Amino acid sequence: VQLQASGGGLVQAGGSLRLSCAASGRTLSTYGMGWFRQAPGKEREFVAAITWSGRSTTYADSVKGRFTISRDNAKNTVYLQMNSLKPEDTAVYYCAADRAGWDRTTILSYDYWGQGTLVTVSS
């Protein structure tokens, strides 16, 4: 599975962005999908995840109520809608796929990773 993340950019605090993660090589419909981020000088951290069916989602406390993960299996794409962005959301955002199909929160649970897209939130 090849994952391509896109949609990053520069936005002011309080603004919104929608990230996309498109897959090629095989269908994502049986994979759990996650978004992680890595800020400069920090470790990669969990942001959000969704099960293969889309029926269950999980969020980091820091983004709960502001970010929404969703998926369109027909388009083989996963999204991360980010609202009320804060400067501390600045990071490279990565999407990842989990063959087990769950909405897991740990890096080691994921089998495939995209290349990342940079989100910069100015104050």
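Residues numbered from 1 in each chain as written. Predicted model: local features only at pLDDT ≥ 70, side-chain atom pairs only at ≥ 80, totals over all residues. Heavy atoms only, no water.

Student: So, the state of the cysteines: which residues are in play, and what are the values?
Tutor: In total, this model carries 1 disulfide according to the counting rule given. Across a sulfur-sulfur distance of 2.1 Å, cysteine 21 and cysteine 95 are joined as a disulfide pair. On the sign convention where negative means left-handed, the S-S torsion of about 65 degrees between cysteine 21 and cysteine 95 marks this disulfide as right-handed. Placement of the pair is cysteine 21 in strand E3 (residues 17-24) and cysteine 95 in strand E9 (residues 91-98), with a sequence separation of 74 residues. A relative accessible area of 0% places cysteine 21 in the buried class. (Disulfide = S-S within 2.5 Å. Helix = DSSP H or I, 4+ residues; strand = E, 2+ residues; numbered from the N terminus. Buried < 20%, exposed > 50% of the residue type's maximum accessible area, 1.4 Å probe, protein only.)

Student: Go over the environment of arginine 37 with me, naming the residues and quoting the values.
Tutor: Within the element layout of this structure, arginine 37 appears in strand E4 (residues 32-38). Residue arginine 37 is classed as buried on the basis of its relative accessible area of 6%. Each C-alpha atom of the pair arginine 37 and valine 92 lies 5.4 Å from the other, and the pair is 55 residues apart in sequence. Contact partners of arginine 37, with chain neighbours within four places excluded, come to Glu43, Arg44, Glu45, Val47, Ser62, Val63, Phe67, Glu88, Asp89, Ala91, Val92 and Tyr93. A polar contact is formed between the side chain of arginine 37 and the side chain of serine 62, at a distance of 3.5 Å. (Contact = heavy atoms within 4.5 Å. Polar contact = N/O pair within 3.5 Å; in protein donor to acceptor, adjacent residues only side chain to side chain.)

Note that every value here comes from positions in space, so none of it alone points to a role or purpose.
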